[in-house]
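# Fold and geometry: a report
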Amino acid sequence: MPSFLHLLRSLPFLALPAGALAAEITLPPETARYVESPLPGYATAVAMCSTCHSADYARIQPPTMARAAWKANVTKMQKTFGAPIADDAIDPIVDYLVKTYGAERAPAPAKSERPAAVPAR
Ligand code: HEC
């Protein structure tokens with residue numbers, strides 16, 4: 001009786017060289033995807049906000065956009081446009097959005113806060 005591994009190896013799709021299918025996939029440009037973040041709302045946003053349009057709609061909002069306005073936006077996606085977003089997912093998504101694209105973004109570090117260069121020996 002052939003071993004399980006032997007059977008696996010005989011399956012044709014496993015015989016494809018790595019990357020054989022990759023050439024047919026065109027990934028969207030970086031700006032069209034949600035900016036990566038350790039915030040819990042990031043994965044939720046990717047899952048729930050990527051079905052109808054790209055992340056460009058979030059990216060082009062004013063950087064001063066406050067939490068309440070983001071919440072109104074996400075609620076509009078849910079209630080007006082019918083996005084399948086669970087009620088308890090809204091706050092984490094809003095938290096991610098306002099801290100990534102809106103008024104609560106971390107300011108870029110000032111020059112003086114950057115670590116000093118290591119002196120040459
Ligand atoms: C069911 C489809 C759908 C889903 C899912 C969806 N949207 Fe939208 N979104 C729309 C439509 C439709 C528009 C309006 C497009 C237009 O005006 O051309 C829109 C517009 C927007 C805009 C532009 C500003 C505005 O209010 O029109 C932003 C920002 C936005 N969406 C963010 C999000 C975020 C964040 C999520 C996830 C929480 C999301 N969308 C999920 C359908 C969706």
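Structure report, in brief. (Residues numbered from 1 in each chain as written. Predicted model: local features only at pLDDT ≥ 70, side-chain atom pairs only at ≥ 80, totals over all residues. Heavy atoms only, no water.)

### So, the nonpolar core
Core analysis: the biggest nonpolar cluster contains 20 residues, and Y34, W70, I85, I93, L97 and Y101 have the highest contact counts within it. Among the elements that line this core, the one with the most residues is helix α6 (residues 87–100), at seven residues. Ignoring sequence-local partners within four residues, the contact set of W70 consists of A58, Q61, M65, V94, L97, V98, Y101 and G102. (Core = buried A, V, L, I, M, F, W, Y, C linked by side-chain atoms within 4.5 Å. Buried < 20%, exposed > 50% of the residue type's maximum accessible area, 1.4 Å probe, protein only. Helix = DSSP H or I, 4+ residues; strand = E, 2+ residues; numbered from the N terminus. Contact = heavy atoms within 4.5 Å.)

### Quick word on the coordination of the iron atom of the ligand
Protein coordination of the iron atom of the ligand is provided by H53 (NE2) and M77 (SD), with donor distances spanning 2.0 to 2.2 Å. Here the iron atom of the ligand binds six donor atoms, and the angle range of 87 to 179° at the metal identifies the geometry as octahedral. Within this pair, whereas H53 is found in the loop between α3 (40–49) and α4 (56–59), its partner M77 is found in helix α5 (residues 67–79), the two being separated by 24 residues in sequence. (Donors = N, O, S within 2.8 Å, 3.2 Å for Na, K, Ca; no water. Tetrahedral: all angles 85-135°; square planar, octahedral: opposite > 155°, others 65-115°.)

### Details of the side chain of T100
As for its placement among the helices and strands, T100 is situated in helix α6. With relative accessibility at 17%, the residue T100 sits in the buried group. For T100, the side chain forms a polar contact with the main-chain oxygen of Y96, separated by 2.6 Å. Apart from the residues lying within four places of it in its own chain, the contact partners of T100 are V35 and R105. (Polar contact = N/O pair within 3.5 Å; in protein donor to acceptor, adjacent residues only side chain to side chain.)

### Considerations on the packing of α3 against α6
At a closest axis distance of 8 Å, the pairing of α3 and α6 adopts a crossing angle of 105°. Classed by the angle they form, the pair α3 and α6 counts as roughly perpendicular. Along its contact with α3, which presents G41, Y42, T44, A45, M48 and C49, the element α6 presents A89, P92, I93 and Y96. Here the contact of α3 with α6 is composed, by residue class, of eight nonpolar, two polar and no charged. (Axes fitted to C-alpha atoms, helices over the stretch in contact; angles between N-to-C directions. Parallel < 35°, antiparallel > 145°, perpendicular 65-115°, else oblique. Nonpolar A, V, L, I, M, F, W, Y, C, P; charged D, E, K, R; others polar.)

### Examining the packing of α5 against α6
Where α5 contacts α6, the two axes come as close as 9 Å, and the packing angle between them is 135°. Regarding the angle of α5 to α6, the classification is oblique. Judged by the twist between their axes, the crossing of α5 over α6 is right-handed. Contacts between α5 and α6 involve R67, W70, K71, V74, T75, Q78 and K79 from the former and D87, I90, D91, I93, V94, D95, L97, V98 and K99 from the latter. Its residues assigned to classes, the contact of α5 with α6 shows seven nonpolar, two polar and seven charged. (Left-handed = near helix turned anticlockwise from the far one by under 90°.)

### Considerations on the site of the ligand
Contacts to the ligand come from 18 residues, most closely from C49, C52, H53, K76 and M77. In this structure, H53 approaches the ligand through a side-chain N or O atom, which is 2.8 Å from a nitrogen atom. When atom positions are compared with the pocket grids, the ligand is found to occupy the largest pocket. Elements with a minimum of two residues in the shell around the ligand: α3, α4, α5 and α6. (Near = heavy atom within 4 Å. 1 Å grid on protein atoms, 1.4 Å probe; cavity = no way out; pocket = protein on both sides within 12 Å on 5 of 7 lines; lining within 4 Å. Sits in = over half its atoms within 2 Å of the grid points.)

That's the geometry; what it means functionally is another story.
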